[in-house]
Amino acid sequence: MYLKNKPIIPALLLVFLLNGCSSFQNGFLGLAPVGDKKAYTSARDAYDNGNYEQAVNELTSYINKIKNVKRREARAYRLLGKSYEQLDRLDKALETYSEALEYHPDNVPLLTAAAGLYQRTALLDRAQDLYEYALQKEPDNLDALSGLAYNYYLIGFSSRSRAIYDRFFTLNPNASALDRARYAQTFLDQRNYQQALLHITKVLEDQPDSPDFWLLRARAAYGLQLTGEALEDLDTALLLSPDRHDLLAIKALWLYQDKQYKLSTQTAKKMLSLMPDNQLAAFILALNSYKQGKISSAKKQLANVIQLSAESFTGKVAQEILDSLNTTPTKNGK
Amino acid sequence: MVKKRLWTVLGTVLLFCQPLCALPVQTDDAVLREFLWDRFVSLPKEERPQIGLALSAGGVRGFAHVGVLEVFSNAGVPVDMVSGTSMGSVIGGLYAAGLPTEKLWEIGEHMTLKNITSDFNVIGLFRFLFAKKLPDSSNMLSFFHEQIGDKQIEELPIPFSCAAMDIKTGERVLFNSGPLAIAVRASMNLPGIFEPVQYRHRALVDGAVVDYLPVDTVKQMGADYIIASVTPLDFSSNTPQTVAAYLLRVGDVRATAMIEESSRKANFVLTNHVVDTGTLELDKLYKAGEVGVKEAHQHLEELQEDILLFSLPYVFKK
């Protein structure tokens, strides 16, 4: 019986030969190896050089040339999706990943790319499902682990996030500064300031140019009641980003808490020089005036804060304090 | 030292010239909230308003309370007293006994019906058919003993209470002292599903029938500010298919009215919408917990602001 089928063998060999022939873009019976490598390499070079429009055009034509949709390459879809993401055309990126996942539902790089996009667009439940599925396929996939850990952080599940980061850093102790900073943030969110300080200090050894990382370190130090160190870190952050009013505001408030009312006032005034209508700066001035015994100034400043916006949290706090000052008689009766 | 650090930073900036911005810039309100919150949580318990937590019933849905407690614990939201009903009493009781949220999540991952009853089997079925006896929930006692030992309610580090109902009289029975395991077992003892718990001449069933969301109880315990964690009923699921499911649904409809009334008396209500989850689908506990995390996290800033505005005189007294 085996011998009877013998003539079929050369025929099969011929079919495989034709399939493998790269000159046929779609191959005989549509089963040829996908696209030509040069076209893909050119698109990837365009992407690497930041020519995302060109990458999109080349990848779209590269993908569409292959008529048998099941033979379209996952990596090409992924690069196309990434190119759309770089161009901020998130709807097209999402469309690309969704189409690709229909043909390659178990492709882990595609799953993590799509999950990353969902995460970016705040569709965190979907992102979680995809990351979890990717980890079922590849339990040690670093992109999926780091993505899922960050996803849990974003939904507020810090203990779960930290547990996944623990695993991620065991597998990849030299992960990026951003990953370690996020890890530090999970400790900070759990008020584990010691661990947060440890990790963010490590981040700053590799990446000392980010005011955000210095701010994180400052928060960890402040949590440990190392106010002097926290203020030094804030100063470093301010050196890197002198006009960031949030850094100035935090500094002014910490100085106030540390009873350094004059320095706090100076910092709040600096905020006001940058943003004359800044409500929080005006509020901090009022707090300092009160502590320095200038009650009527404090009242005027609080009234000014409320005038800027009565509906904001700062405005509501100012209103409460002003009401209480107005009902409490001061020493000199004013 | 500072100068040295500044030069290092400047040198690196020039070298890399690619500052990495990882965090969004905080709004002014967020900066102030965080500052005041730090002051608030550092106040001694007796120098600030007492915060009470009311945990609703809800079967497996009620595991969302664990997620709420996780977020509270991370943010430092103080819980000075807890009252819970049914699943709320299980979670509240374990938490008040000092069990950390990590341990509660573990319970959620491993809990099975065997932790509640050993009667969901053929013998139990025969017992039900011929002796007309419902399953017995006494396994809950050993489960509680395994987790926290033999604790009395009045010994717990966080004051706790829970409600059950006497099926003979229809009275609400409030447990604020005595053995914790018995109280919790009675509070979560679903009527029509489990045999009533016989305790001190009473036949006790799930307190959800009379006190689904124990806000009033928390008030009576001395709370100045009450947070309610609610797991409302999910009526989007299919029409009940069994007698037990019909009975539970009737209870659910009544519970909805109770939730509405009690919620009005709380200062802040967290509504955990756990969908597509049956009362006893224990394999969905963890997912229900995640819903609680999301709900609490989503409303955390709002809650913090509300507590701060409520406590402002205390915060600035410092």
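Residues numbered from 1 in each chain as written. Chains lettered and ligands numbered in written order. Predicted model: local features only at pLDDT ≥ 70, side-chain atom pairs only at ≥ 80, totals over all residues.

### Observations concerning the overall build of chain B
Then step 1. A count of helical and extended segments in chain B gives 12 helices and eight strands.
Then step 2. Taking all 318 residues of chain B together, 45% fall into the buried category.
Then step 3. Contacts in chain B between residues far apart in sequence, at least 24 positions, make up 78% of those at least 6 positions apart. (Helix = DSSP H or I, 4+ residues; strand = E, 2+ residues; numbered from the N terminus. Buried ≥ 20, exposed ≤ 12 C-beta atoms within 10 Å, placed from the backbone. Contact = placed C-beta atoms within 7 Å.)

### A word on the confidence of the model for chain A
Then step 1. Averaged over every residue, the pLDDT of chain A is 88; residues scoring 70 or more account for 87%.
Then step 2. Contacts of residues 17-33 of chain A to residues separated by more than four positions or lying in other chains number 20 contacts, the stretch itself having pLDDT below 50. (pLDDT = per-residue confidence, 0-100.)

### Considerations on the interface of chain A and chain B
Then step 1. At the junction of the two partners, chain A supplies 36 residues and chain B supplies 37 residues.
Then step 2. At the level of elements, helix H9 (158-171), helix H10 (177-189), helix H13 (227-240), helix H14 (245-257), helix H16 (279-291) and helix H18 (313-327) of chain A are the ones that each hand at least two residues to the side of chain A that touches chain B.
Then step 3. Broken down by element, the side of chain A that touches chain B gets its largest block of residues, seven residues, from H18(A).
Then step 4. Looking at side-chain class alone, the side of chain A that touches chain B contains 15 nonpolar, 12 polar and nine charged residues. (Nonpolar A, V, L, I, M, F, W, Y, C, P; charged D, E, K, R; others polar.)

### Some words on helix H11 (residues 285-298) of chain B
Then step 1. Its 14 residues place the ends of H11(B) 20 Å apart at the C-alpha level, agreeing with the 20 Å of an ideal helix rising 1.5 Å per residue.
Then step 2. With 11 of 14 residues buried, H11(B) lies mostly within the body of the structure.
Then step 3. Every buried residue belonging to H11(B) is among Leu285(B), Ala288(B), Gly289(B), Glu290(B), Val291(B), Gly292(B), Val293(B), Lys294(B), Glu295(B), Ala296(B) and His297(B), and all of these are buried.
Then step 4. As for H11(B), its buried residues are in contact with helix H8 (142-155) of chain A together with helix H3 (64-75), helix H5 (101-110), strand E8 (268-271) and helix H12 (300-317) of chain B. (Expected span 1.5 Å × (residues − 1).)

### Thoughts on the environment of Leu190(B)
Residue and element names in this part refer to chain B.
Then step 1. With respect to the helices and strands, Leu190 occurs in the loop between helix H8 (180-187) and strand E5 (197-199).
Then step 2. Since 23 C-beta atoms lie within 10 Å of it, Leu190 is described here as buried.
Then step 3. Sequence spacing of Leu190 and Val209 is 19 residues, and the spatial spacing of their C-alpha atoms is 9.3 Å.

### Comments concerning the pairing of strand E3 (residues 160-166) of chain B
Residues and elements named next belong to chain B.
Then step 1. Counting buried residues along E3, six of its seven residues qualify, which places the element largely inside the surrounding structure.
Then step 2. Bridge analysis of E3 against strand E4 (residues 172-175) gives four bridges, and the strand direction is antiparallel. For Cys162, the partnering residue across the bridge sits in E4 and is Phe175.
Then step 3. Hairpin connection of E3 to E4: five residues between the antiparallel strands, including Gly170 at a positive phi of 80°. (Pairing = 2+ DSSP bridges.)

### Let's talk about the pairing of strand E2 (residues 81-85) of chain B
All names here are of chain B.
Then step 1. Burial analysis of E2 places five of its five residues in the buried class, the great majority of the element.
Then step 2. Burial of E2 is two-sided: the residues Met81, Ser83 and Thr85 facing one way and the residues Val82 and Gly84 facing the other way are all buried.
Then step 3. Pairing between strand E1 (residues 51-55) and E2: four bridges, direction parallel. Its bridge partner being in E2, Leu53 is matched across the sheet by Val82.
Then step 4. Two elements, E2 and E3, share four bridges in a ladder whose sense is parallel.

### Here we look at unusual backbone geometry
Residue and element names in this part refer to chain B.
Then step 1. Of note in the backbone geometry, Arg200 takes a positive phi value of approximately 50° without being a glycine.
Then step 2. Its location among the elements puts Arg200 in the loop between E5 and strand E6 (202-206).
Then step 3. Overall, the presence of 9 C-beta atoms within 10 Å leaves Arg200 in the exposed class.
Then step 4. The residue His201 is not glycine, and still its phi comes out positive at about 65°.
Then step 5. The residue His201 is located in the loop between E5 and E6 in this model.
Then step 6. According to the C-beta neighbour criterion, His201 is exposed, with 7 such atoms within 10 Å.

### What to know about the nonpolar core
Residue and element names in this part refer to chain A.
Then step 1. Ranked by internal contacts, the top residues of the largest apolar core, which has 176 residues, are Ile200 and Ile284.
Then step 2. In terms of residue count, the dominant contributor to this core is H14 (nine residues).
Then step 3. Beyond its immediate sequence surroundings of up to four residues, Ile200 is in contact with Ala181, Ala184, Phe213, Leu216, Arg217 and Ala220. (Core = buried A, V, L, I, M, F, W, Y, C linked by C-beta atoms within 7 Å.)

### Quick word on the packing of helix H4 (residues 74-86) of chain A against helix H5 (residues 90-103) of chain A
All names here are of chain A.
Then step 1. At their nearest, the axes of H4 and H5 sit 7 Å apart, and the two run at 165° to each other. In terms of orientation, H4 lies roughly antiparallel with respect to H5. Every pair of crossing elements has a handedness; the one defined by H4 and H5 is left-handed. When H4 is examined against H5, the residues Ala74, Tyr77, Arg78, Leu80, Gly81, Tyr84 and Glu85 are found in contact with a partner set consisting of Leu90, Lys92, Ala93, Thr96, Tyr97 and Ala100.
Then step 2. The residue inventory of the contact of H4 with H5, partitioned by class, reads eight nonpolar, two polar and three charged. (Axes fitted to C-alpha atoms, helices over the stretch in contact; angles between N-to-C directions. Parallel < 35°, antiparallel > 145°, perpendicular 65-115°, else oblique. Left-handed = near helix turned anticlockwise from the far one by under 90°.)

### A closer look at the environment of Asp252(B)
Then step 1. Along the chain, Asp252(B) falls in helix H10 (residues 243-263).
Then step 2. Distance in space between the C-alpha atoms of Asp252(B) and Pro240(B) is 12 Å, their sequence separation being 12 residues.

### Points about the packing of helix H15 (residues 261-274) of chain A against H16(A)
Residue and element names in this part refer to chain A.
Then step 1. As a packed pair, H15 and H16 sit with axes 9 Å apart at the nearest point and diverge in direction by 155°. With respect to each other, H15 and H16 are oriented roughly antiparallel. In this structure, the crossing between H15 and H16 has a hand that is left-handed. Facing Tyr261, Ser264, Thr265, Ala268, Met271 and Leu272 of H15, the residues of H16 in contact are Ala281, Ile284, Leu285, Asn288 and Lys291.

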